[in-house]
Amino acid sequence: MAFRFVHTADIHLDSPLRSLALRNPELAELVGDASRQAFAAIVDLCLEERVDALVVAGDLYDGDQTSMKTARFLASQMTRLHQAGVRVYMIRGNHDAMSRITKQLVLPDTVTTFGGRCQSVIQPGAGVDVAFHGLSFASSKAPESLLPKYAGPQEGAANIGIMHTSLAGSPGHDVYAPCSVADLHGHGFDYWALGHIHVRQVYSSASTLVMAGIPQGRDINEAGEKSVTLVTIRDDRSVEIAERLTSVAQFERVSIDLTGATEWSEAIVRIRAGLEQSREAARSRYLVARLGLTGTSALSWSLIRDRDLLIAEAEQAAEQVGNSWVEKVELALSTTVIGDLEGGADPTLELAQSMRDNAGSEAFRSDARDLILKTIGDLPPDARGFAGKDESGLEEFLDDVLERGVDLVTARLKAGAAR
């Protein structure tokens, strides 16, 4: 009889969403609660599939959390698994290492949290015994590979390794317990349950390696459907995996081409059509869309000028579509204007070009950069990330501000000239 378990990681339970909360508190509440709903869905899956175990490959928590509401919720979910006879095997990831709840919460005795030294726990199965090997890290930093600390495979059992690792590295993720896929395949385990990178990845060779990915996206950089992996270990130790959807709120980039649109109402109709199409394609309960308006349109200037009205109407369209939210509206429209003055240059556009030339000078950029840095210094620490995390991010932010500033001034001048 097969041994079955669910593999997940990087739940980041009750992850704070400060930047989203500043823009839209209701949306922040929805997405903030989605990590709980996703974890409850994982527990539901375990019960529905009558699995033998749940494996959590690190970052169940999200940093230095102290809320006992989080602790009570987690305890209630673990109790559901305990009562159903589902064992839980967990390791601590880099975010768990900072969590106070990790050290204080008392969980059922069917929950095994691996410590700072590699442990091996054998769970008897009807057809094959399964040995779980896990190692937690006490610090948020792990610059060296943890693989040498893992014991070898248990003879006669199916061997499952649980590790929190950045593998060979991934954009947007800190280096954490780096190791190669080839080395993991060569260790002799049948399955590696990995965590840390938020995108699901599968590597099949001598063994099966699965980076679980995050079960619930938290922002547009974690777009798309999110899932867990249902693993079946056959009596002959062969491994079968299946992906199961868990995300409650699904972030998606929705591109709307406004080329040729001449009326405001036409732009809103196209926005709604784009939202409807994305809503139909999304399998998660909620769609959280970042709209990108592109193309060349005579509406360019009015859309830039009346951005607040545009956002309000886009949000209303999302509400009408149902179970949909607009997280942000980005304008990448051509500023070519249809119907400009015939037979002569447009003084407003000439002024716009002059402003762009000035904004592109190093002296102007230097002054703007100093102003941004001064503003960052005057803000509290948790609000300083708006201009990027490093020098490169600051320069990109500066490019965007200068470009949008010229467009906004031009749009207001064009609108005034048309009256």
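Residues numbered from 1 in each chain as written. Predicted model: local features only at pLDDT ≥ 70, side-chain atom pairs only at ≥ 80, totals over all residues. Heavy atoms only, no water.

Re the overall build of the protein
As a reminder of what qualifies: Strands here are runs of E lasting at least two residues and helices are runs of H or I lasting at least four, both read from the DSSP assignment and numbered beginning at the N terminus. The cut-offs for exposure are 20% and 50% of the maximum accessible area for each residue type, with area from a 1.4 Å probe on protein chains only; residues under the lower value are buried, those over the upper are exposed, and the others partly exposed. Residue contacts are defined here by distance: any two heavy atoms, one from each residue, within 4.5 Å place the two residues in contact. For accessible areas, the Shrake-Rupley method is used with a probe of radius 1.4 Å. Any residue's cover is judged against the shown protein chains and nothing else.
Along the protein, the regular secondary structure elements total 11 helices and 15 strands. In the protein, which comprises 419 residues, the share counted as buried stands at 46%. Counting only contacts in the protein whose residues sit at least 6 apart along the sequence, the fraction spanning at least 24 positions is 70%. For the protein, the accessible area works out to roughly 20000 Å², and carbon and sulfur atoms hold 50% of it.

Side note on the sheet that holds strand β10 (residues 208–211)
Going by this rule: Two strands are said to pair when DSSP picks up at least two bridges between them. Angles shown run from 0 to 180 degrees and are taken between the N-to-C directions of axes, each axis being a line fitted to C-alpha atoms and, for helices, limited to the stretch in contact.
Pairing in this open sheet of six strands is mixed, and the strands run β5-β6-β7-β8-β10-β9 from one edge to the other. Across the chains shown, the open sheet's two edge strands, defined by having one partner strand only, are β5 (119–123) and β9 (201–204). The sheet shows a mean angle of 15° between the axes of neighbouring strands, taken without regard to direction. Two elements, strand β8 (residues 191–195) and β10, share four bridges in a ladder whose sense is parallel. Looking at β10, one finds that Trp-192 is bridged to Leu-209.

Considering helix α8 (residues 307–321)
Inclusion rule: Expected span of a helix: the number of residues minus one, times 1.5 Å. The directions considered for the arc are those from the helix axis to the C-beta atoms.
Helix length check: α8, at 15 residues, gives a terminal C-alpha distance of 21 Å against a target of 21 Å (1.5 Å per residue), a fit within 8%. The complete set of buried residues in α8 reads Leu-310, Ala-314, Ala-317 and Ala-318. Looking straight down α8, one finds that the buried residues subtend no more than 100° of arc, so they occupy a single side. Relative to its buried face, α8 has exposed residues pointing more than 90 degrees away, namely Asp-308 and Glu-319. Buried positions along α8 lie against α6 (264–281), β14 (286–296), α7 (300–305) and β15 (324–334).

Describing the pattern of salt bridges
Where charged atoms from two side chains of opposite charge approach closely, those side chains can pair. Applicable threshold: Salt bridges are counted wherever a side-chain nitrogen of Lys or Arg sits within 4 Å of a carboxyl oxygen of Asp or Glu.
A full pass over the atoms with the stated rule returns 14 salt bridges. A salt bridge links Glu-240 to Arg-234, with the nearest nitrogen and oxygen atoms 2.6 Å apart. Owing to a relative accessible area of 40%, Glu-240 belongs among the partly exposed residues under this scheme. The exposure class assigned to Arg-234 is partly exposed, which follows from its relative accessible area of 37%.

Quick notes on the confidence of the model for the protein
In low-pLDDT segments, the atomic positions of the prediction should not be examined closely. Operational definition: As a per-residue measure, pLDDT reflects the predictor's confidence and takes values from 0 up to 100.
The pLDDT averaged across the protein works out to 85; a share of 81% of its residues lies at or above 70. Confidence drops under a pLDDT of 50 for residues 337–343, and excluding neighbours within four residues, the segment shows seven contacts in the predicted structure.

Overview of the sheet that holds strand β4 (residues 111–113)
The mixed open sheet is built from six strands, whose spatial order is β4-β3-β2-β1-β11-β12. The open sheet terminates on both sides in strands that have one partner only, identified here as β4 and β12 (239–245). Adjacent strand axes in the sheet meet at a mean angle of 20° when their direction is disregarded. In the sheet, strand β1 (residues 3–8) pairs with strand β11 (residues 227–233) via five bridges, with the strands oriented antiparallel. Pairing of Phe-5 across the sheet is with Val-231, part of β11. Sheet contacts for helix α2 (residues 25–49): β1, β2 (53–57), β11 and β12; angle to β1, the most-contacted strand, approximately 170°.

Topic: unusual backbone geometry
For His-12, which is not glycine, the phi torsion reads 50° and is therefore positive. Position of His-12 relative to the elements: it lies in the loop between β1 and α1 (18–23). Phi is positive for Arg-50, close to 55°, though the residue is something other than glycine. Along the chain, Arg-50 turns up in the loop between α2 and β2. The exposure class of Arg-50 is exposed, given its relative accessible area of 74%.

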